[in-house]
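Take a look at the letters that make up each chain.
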Amino acid sequence: MRIIRKNEPMRLHTSFHIGGPADTYAEPENIDELRELISICEGSGTAYAVIGHGSNLLVGDGGFRGTIICLGRAFSEITVSGECIRAQAGALLGAVANAALEHGLSGLEFASGIPGSVGGTTVMNAGAYGGEMRDVLEEVTLLEMDGSLCRVPAQELELGYRTSNIPALGRIVLEAGYRLKSGKPEDIAARMQEFNSRRKEKQPLEYPSAGSTFKRPEGYFAGQLIDEAGCRGLRIGGAQISEKHAGFLINTGDATAADVLALICEVKRRVLEHSGVELHPEVRMLGEFL
């Protein structure tokens, strides 16, 4: 087994830089080790959760009573064949977008600045600037609950706005295949640069966060609703609604998970009171919230 640690602070493994200790933290070296870890957890009745880059994750201050399994560098291979790219679950989506650029393949420009891993961005059908994973995803390799592997066409994943059927079916993404189109590298690079410049200009990238905090309500923009409800700059403890973009909740340096959760609840309350629209968090929450 590549890495196994006890009482591992999860703040070291989330883009929020927040989270108490997991009883056990493991990074398997290969699929067989992943199967073994899951088998041990299920056989002993131990709770477990599979994570990637932790870019859309809030772990409670009380930590996680069980085993966190991280699909990291050992699951980060990227291969290109013609107009197709295959990438393992632990590969960063930005690295996949860069591989597409290097091979003159267009379609993943929107994803170049998304900080998540292939596994997480597939599960949530991540997107930005008018593009989503379902626009380019062809099929995925999944680890089933019985330990078998299967390749599933993207159209069977019920990919919707920031959702899929993968978690409900107890599956784990191991690899994703993308179908792209040939393009001029200079045009692809220009689009990537445009999107990344817009991100730097409009998003609080200098602070730890989990990206957009809330899902976009149908017919609205979450950031605009939050701003109109007077929440821009609102702060609880070390957690704050960004002054730069009201759709982002940031860790100003010493935020706790309790601070973040309290601020989420307060923003939801104020937006509902002001506009009648109920916001729903996009961030995945794990562990014990004190």
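Residues numbered from 1 in each chain as written. Predicted model: local features only at pLDDT ≥ 70, side-chain atom pairs only at ≥ 80, totals over all residues. Heavy atoms only, no water.

**Here we look at the side chain of Thr121**
Here comes step 1: You can see Thr121 is positioned in helix H3 (residues 118-123).
Here comes step 2: The class for Thr121 is buried, based on a relative accessible area of 3%.
Here comes step 3: At 2.8 Å, the side chain of Thr121 forms a polar contact with the backbone oxygen of Ser117.
Here comes step 4: Once residues lying within four places of it in the same chain are set aside, the contact partners of Thr121 are Leu93, Ile114, Gly116, Ala126 and Met133. (Helix = DSSP H or I, 4+ residues; strand = E, 2+ residues; numbered from the N terminus. Buried < 20%, exposed > 50% of the residue type's maximum accessible area, 1.4 Å probe, protein only. Polar contact = N/O pair within 3.5 Å; in protein donor to acceptor, adjacent residues only side chain to side chain. Contact = heavy atoms within 4.5 Å.)

**A closer look at the UniProt feature "active site" (unreviewed entry) in the chain**
Here comes step 1: Per the UniProt record, "active site" (unreviewed entry) is found at Arg162, Ser212 and Glu282. A maximum C-alpha distance of 11.3 Å places the annotated residues, which cover 121 residues in sequence, within one compact spot.
Here comes step 2: Examined against the element boundaries, Arg162 turns out to sit in the loop between strand S12 (149-153) and strand S13 (172-179).
Here comes step 3: A distance of 3.1 Å separates a polar side-chain atom of Arg162 from the backbone oxygen of Asn125. (UniProt positions renumbered as here; feature names shortened; annotations may be inferred.)

**What to know about the sheet that holds strand S16 (residues 235-236)**
Here comes step 1: The four strands are arranged S15-S18-S17-S16 in an open sheet whose pairing can be described as antiparallel. Both edges of this open sheet fall to strand S15 (209-212) and S16, since each of them pairs with a single strand only.
Here comes step 2: For strand S17 (residues 239-241) and strand S18 (residues 248-251), the ladder comprises three bridges, and the chain directions are antiparallel. Across the sheet, Ile241 pairs through a bridge with Leu249, a residue of S18. (Pairing = 2+ DSSP bridges.)

**Quick word on the environment of Pro204**
Here comes step 1: Its location among the elements puts Pro204 in the loop between helix H4 (185-202) and S15.
Here comes step 2: For the pair Pro204 and Ala87, spaced 117 residues apart in the sequence, the C-alpha separation amounts to 28 Å.
Here comes step 3: When neighbours within four sequence positions are excluded, Pro204 is seen to be in contact with Ser242, Lys244, His245, Phe248 and Ile250.

**Structural notes on the UniProt feature "domain: FAD-binding PCMH-type" (unreviewed entry) in the chain**
Here comes step 1: UniProt marks residues 18-183 with the feature "domain: FAD-binding PCMH-type" (unreviewed entry), using the numbering shown here.
Here comes step 2: The straight-line gap between the two end C-alpha atoms of residues 18-183 is 40 Å; of that span, 18% is helix and 35% is strand.

**Examining helix H2 (residues 93-102)**
Here comes step 1: Three or more residues of H2 are buried, namely Leu93, Gly94, Val96, Ala97, Ala99 and Ala100.
Here comes step 2: Check the buried side of H2 and you find it contacts strand S6 (78-81), strand S7 (84-88), strand S8 (105-106), H3, S13 and H4.
Here comes step 3: Of the residues flanking the end of H2, it is Gly104, one or two places downstream, whose phi is positive at about 65°.

**What to know about the sheet that holds strand S2 (residues 21-27)**
In a beta sheet, neighbouring strands pair by backbone hydrogen bonds and run either parallel or antiparallel.
Here comes step 1: Sheet architecture is open: four strands sit in the order S1-S2-S5-S3, paired in mixed fashion. Both outer strands of the open sheet, strand S1 (3-9) and strand S3 (48-51), are each paired with one neighbouring strand and no more. Between one strand axis and the next, the sheet turns through 25° on average, direction left out of account.
Here comes step 2: As defined by bridge partners, S1 adjoins S2 across six bridges and the pair is classed as antiparallel. Counted as the bridge partner of Ile4 is Ala26 from S2. (Axes fitted to C-alpha atoms, helices over the stretch in contact; angles between N-to-C directions.)

**Remarks on the pairing of strand S11 (residues 137-143)**
Here comes step 1: Burial analysis of S11 places six of its seven residues in the buried class, the great majority of the element.
Here comes step 2: Pairing between S11 and S13: six bridges, direction antiparallel. Bridged to Val140 within S13 is Ala176.
Here comes step 3: In this sheet, S12 lies alongside S11 in antiparallel orientation, the contact comprising five bridges. Across the sheet, residue Val140 finds its bridge partner in S12, namely Val152.
Here comes step 4: Counted along the chain from S11 to the antiparallel partner S12, the turn is five residues long, and its residue Gly147 has a positive phi close to 90°.

**Topic: the state of the cysteines**
Here comes step 1: With the rule as written, the count across this model stands at zero disulfides.
Here comes step 2: You can see Cys70 has no disulfide; the closest cysteine sulfur is in Cys41, sitting 14 Å from it.
Here comes step 3: Residue classification places Cys70 among the buried residues on the basis of a relative accessible area of 7%.
Here comes step 4: With no disulfide of its own, Cys231 has Cys265 as its nearest cysteine by sulfur position, at a separation of 12 Å.
Here comes step 5: Residue Cys231 is classed as buried on the basis of its relative accessible area of 0%. (Disulfide = S-S within 2.5 Å.)

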